[in-house]
Amino acid sequence: MKKTITWVLLAAMLLSAVALAIPVGAAATLYIQEVEAQLFTTPPTIDGYISEAEWGESSFIVESGSAASKSSSEPVNNAFFYWRPGYGTDDKNMSYEVWMRWDANYFYVGVKVTDPDGHSLKGGKGNTWNGDAMQIFVDYLGANSLVGGKTYVPKMGPTPWKYKDQVPDFLVGYPQIVGGFIEMFENKTKTGMTAYNNPAKGAAKVAVAPSGLNYSPDTASGISTYEIAIPWNYIFYNETGVVTLDTQATAADSAWGGINRELGVSMAVFNGEPGTSGYTHYLTWGSGICGSQYDEAQQTCGGSNRIILTDNPVTPESGYATYNPANLERFQRDYSGMDTGVYYDYLGGDVQRNNPLTSKDQLTTLTYDNDSDRDHWGCDSYQGLTKDSGDPEHGMVLDYTDPNVIQTYIDTALDADTQYKYPLSYTMEFDIRFQGTYAGTEDAGTDKYPPAVFNWFGGSTGYEYECGYYFNDGQFKIQGTESAGQPIATANFKMELDTWYNWRFVFDNGSCTARLYINDQPIFGEDVWNRYFYYSSDEHQNDGTLMLWRMFNTKFQMDNVRIYNAEGPKPQDVPPTDPTNPGGGNNNNSNTASGSEDLDTSNVYKDDNGYFRLPVYVTNFYKQATALSFDVTMNPDVATLDSISGLNEGTYTVEDKGDGKYLITITDFAQVRSMDVGAVFFEIVIKPASDDVQAADLGLQLKSNYKYTVATGDAMIYIGLAALVMAIGCAVVYKKRKSFVR
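Residues numbered from 1 in each chain as written. Predicted model: local features only at pLDDT ≥ 70, side-chain atom pairs only at ≥ 80, totals over all residues. Heavy atoms only, no water.

Caption draft 1: Geometry of the overall build of the protein. Scanning the protein for helices and strands turns up 12 helices and 38 strands. Residues counted as buried form 58% of the 742 residues belonging to the protein. If you take every contact in the protein between residues at least 6 apart in sequence, the share linking residues at least 24 apart comes to 72%. (Helix = DSSP H or I, 4+ residues; strand = E, 2+ residues; numbered from the N terminus. Buried < 20%, exposed > 50% of the residue type's maximum accessible area, 1.4 Å probe, protein only. Contact = heavy atoms within 4.5 Å.)

Have a look at this one:
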């Protein structure tokens, strides 16, 4: 009898472990797992470190040893382990531990991946999955919505969702380009989700701590951690405005759902071995993400898994360990690696940098006084590229004049016909004069193609950004090509025609960033460029094969083209943009400007002494400030300002204004001007009234106030025009025209 009971209990434990769900009325047992997502009563600290004291017990563990493989005849625990031919082998092991939680504002996911071979992720954005990374689909219609809760059959389609093109596809990783930084990208809408992406739907909270980084005990012991908070806006994709869930009401009572709401979730964790440029193997929980699983092992596809939002509470314990997430991001913000005072003639063929020159006058220059100069652009009548008499100063110049040409391209092709390739770290400098716009033909006029000149550039699978001048809007813009969101930056400007300008466009492969200059004056601040524009494949990092310059219904002339090594001034020489007019443009000819900004306080963390610390980061505004102060507000019943850490003595003052309000005033600017943008300027140290105080209890608010010198109205003309450097400067020369349709 005891043996019988033992076997019954063991069977029950096994059923509980695999969490098989048998819905009412189903004809067969589903392969999906059913998991409870507990309710956070207090938000966790998104810092890349997960502990049971903060998150509670994990929701489940996925292991390659108990997952299906290509040789399996059916799903096993609705998990699948795959090794890439030529990379992984049958004896590879992989495992990860998962936490799933929720509250009114976010769906929380925490993942700890055992990764003893270290971190390797060469790209980002839509290419984030190609290395050490995590990918997750979340369907608010529930698990297996394609078949209404019935058993998912792979032959019905490669994904288990009815609206597979709309179910959000979240990519999370730590790309090693730009020194290393945290990336979260929604792949269906091509939307960056972190604060620096300025996303239309709001910023996700995300921290990725890669294995091997000296950050926490986990990373030091070979564990990569993904800690994310996804705003409900991204999951309820067809709703407008801010979506919050009612944490008291049931799913039936709440507009979007609350307690007992069911989500359909699949996730995949990828591993890339050091030295590889992609993933070597992956382990999925649920199916519908990885094409190779469906293509090579359809019988292992069990559909998505079911997550149920419950009212079972999780309250982080007092004093749980936290870390400073600012220490994770190590991207470069300076001009390291750029040459000053020395030039290498890329246009003349010295791409190996064997012949240093000491003057720009020694560089090969396309003046268009010879027919051979024009040949560099592959000129023919189809493109409307001709050689014109120009003016006495410039002589004969390259002229785009054919009124029948609605769209003109200079593309850096990836095919064998490409004759001119240059390293991605380069400067392209030239003179340009605009001569007006065309109305266009009836079938391709300004109603279909408004006059514009811009450049496409971005990731490895397409042109993800466009930057240039848009005549109908009277603006210079930088914006995503596949997103309807707001432009990243704009500059109001009336284009002056028939005027020659010198443009200089600098790509630095070391930091994977771009800088723009017109008549040696910079356009936009470092904060605009430092992480939006990077390149996500080895091929693009090795040569200039990505740029496409595009013209709609416009005409212009260009002359004196030079292509050479990346070069430019140091960041402290770059003036900031006006915070009241972020893109540049006219600004009433004022010599000074002021601004203020409410700063993010979510990165507050508790140190080893039990004190809270709030980092303040250097910006371009602070580096150029003539007056700078910070208003700090907190709940006086739970904490007081203890000290300021990191500032040199005698460079600041602190005033206690009472009722939890403090004023920090910078009196000496030498320290901040010597620092890089993005570095920790200083930390505000806060003493809690007791050990039970949590970060959410502090009621922290932080506001910066500053004044600085700005360019006059005349100078802003040059600054505004400099944005067009991006539009044409990217055009690395090539021999063959390609057709693209916008």
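Caption draft 2: Summary view of the sheet that holds strand β37 (residues 680–688). Across the sheet, which stays open at both edges, the 4 strands sit in the order β31-β32-β37-β34 with antiparallel pairing between neighbours. Looking along the sheet, the strands with just one partner apiece sit at the ends: β31 (605–606) and β34 (639–645). Where β31 lies against strand β32 (residues 612–617), 2 bridges are found, and the strand directions are antiparallel. Considered in β32, the bridge of K606 is made with F612. (Pairing = 2+ DSSP bridges.)

Caption draft 3: How the structure looks around the nonpolar core. By size, the foremost hydrophobic cluster in this structure holds 64 residues, and its most contacted members are Y96, M100, F107, V111, W232, M267 and W285. At 6 residues, strand β5 (residues 106–114) tops the list of elements feeding residues into this core. (Core = buried A, V, L, I, M, F, W, Y, C linked by side-chain atoms within 4.5 Å.)

Caption draft 4: Representation of the confidence of the model for the protein in the model. In the predicted model, the protein carries a mean pLDDT of 77, and the fraction of residues at 70 or more is 72%. Averaged pLDDT values for the elements of the protein fall to 32 in helix α12 (residues 724–729) and rise to 98 in strand β4 (residues 95–102). Contacts from residues 1–29, a stretch scored under 50 in pLDDT, to residues over four places away or in other chains number 19 contacts. The low-confidence segment residues 458–462 (pLDDT under 50) makes 15 contacts with residues lying over four places distant or belonging to another chain. (pLDDT = per-residue confidence, 0-100.)

Caption draft 5: Representation of the pattern of salt bridges. Within this structure, the stated rule accounts for 9 salt bridges. For E262, the salt bridge is made with R306, and the minimal N-O distance between the two is 3.1 Å. Taken together, the positions of E262 in strand β14 (residues 262–271) and R306 in strand β16 (residues 305–314) put the pair 44 residues apart, joining distant regions of the chain. A residue is classified by how much of its surface remains accessible, and E262, at 36% relative accessible area, is partly exposed. (Salt bridge = Lys/Arg side-chain N within 4 Å of Asp/Glu carboxyl O.)

Caption draft 6: Layout of the packing of aromatic side chains. This structure, assessed with the given rule, holds 33 aromatic pairs. When the centroid spacing of 5.9 Å and the interplanar angle of 40° are considered together, the rings of F107 and W232 count as tilted. Of the two residues, F107 is situated in strand β5 and W232 in helix α4 (residues 232–235); the sequence distance between them amounts to 125 residues. Like F107, the residue W232 is buried in the burial classification. Ring geometry for Y215 versus Y323: centroids 5.6 Å apart, planes at 45°, classification tilted. In this pair, Y215 sits in the loop between β10 (205–209) and α3 (217–220) while Y323 sits in the loop between β16 and α6 (371–375), placing the two residues 108 residues apart along the sequence. By the ring-pair criterion, three or more aromatic residues cluster together here, those being F80, Y82, W129, F270, Y279 and Y282. The lysine or arginine in question, R84, covers the ring of Y279, its NZ or CZ lying 4.6 Å from the ring centre. (Phe/Tyr/Trp six-rings, centres within 6.5 Å; stacked < 30°, edge-to-face > 60°. Lys NZ or Arg CZ within 6 Å of the ring centre and 35° of its normal.)

Caption draft 7: The arrangement of the pairing of strand β1 (residues 34–40) in detail. Of all the 7 residues making up β1, 5 are buried; the element is thus mostly covered by neighbouring parts of the structure. Where β1 and β16 come together, 6 bridges link them in parallel fashion. From the neighbouring strand, F40 faces β16, where its bridge partner is V314. By the bridge criterion, 2 bridges tie β1 to β4 in an arrangement that is parallel. What sits directly across from L39, in β4, is W102.

Caption draft 8: Expanded view of the side chain of T322. Note that T322 resides in the loop between β16 and α6. Among the polar contacts listed, one links the side chain of T322 to the backbone nitrogen of K606, at a separation of 2.9 Å. Setting aside its immediate chain neighbours within four residues, T322 contacts T45, D47, Y605 and K606. (Polar contact = N/O pair within 3.5 Å; in protein donor to acceptor, adjacent residues only side chain to side chain.)

Caption draft 9: Quick look at the pairing of strand β15 (residues 281–285). Of all 5 residues that make up β15, 5 are buried, and the element is covered over most of its length. With 5 bridges connecting them, strand β3 (residues 79–83) and β15 associate as antiparallel partners. Directly across from F81, in β15, lies its bridge partner L283. For β14 and β15, the ladder comprises 5 bridges, and the chain directions are antiparallel. Paired with N271 across the bridge in β15 is H281.

Caption draft 10: Region of the structure containing the side chain of S254. For S254, the location among the structural elements is in the loop between β12 (246–250) and β13 (258–259). A relative accessible area of 12% means that S254 is categorised as buried. Of note is the side chain of S254, whose polar atom sits 3.3 Å from the backbone nitrogen of G257.

Caption draft 11: The arrangement of unusual backbone geometry in detail. Backbone geometry places N78, a non-glycine residue, at a positive phi of 50°. You can see N78 is positioned in the loop between β2 (60–63) and β3. For N78, a relative accessible area of 2% corresponds to the buried category. Residue N144 is not a glycine yet carries a positive backbone phi of 50°. If you trace the backbone, N144 turns up in the loop between β6 (133–139) and β7 (169–173).

Caption draft 12: Seen up close, the state of the cysteines. Counted by the stated rule, this structure contains 0 disulfides. Unpaired in terms of disulfides, C290 finds its nearest cysteine sulfur in C301, a separation of 9.8 Å. Overall, the relative accessible area of 4% leaves C301 in the buried class. (Disulfide = S-S within 2.5 Å.)

Caption draft 13: A look at the environment of D139. On the secondary structure map, D139 appears in strand β6. The exposure class of D139 is buried, given its relative accessible area of 3%. A C-alpha to C-alpha distance of 9.6 Å links D139 and Y237, two positions 98 residues apart in sequence. For D139, the side chain forms a polar contact with the main-chain nitrogen of L141, separated by 2.9 Å.

Caption draft 14: Broad picture of the environment of F556. Its place among the elements puts F556 in strand β29 (residues 554–564). Considering only alpha carbons, one finds F556 and R433, 123 residues apart in sequence, at a separation of 5.6 Å.

Caption draft 15: Just the environment of T640, in detail. Of note, T640 is situated in strand β34. For the pair formed by T640 and V685, sequence separation is 45 residues and the distance between their alpha carbons is 8.9 Å. In this structure T640 touches M634, Y662, V685, I686 and K687, once residues within four positions along its chain are discounted.

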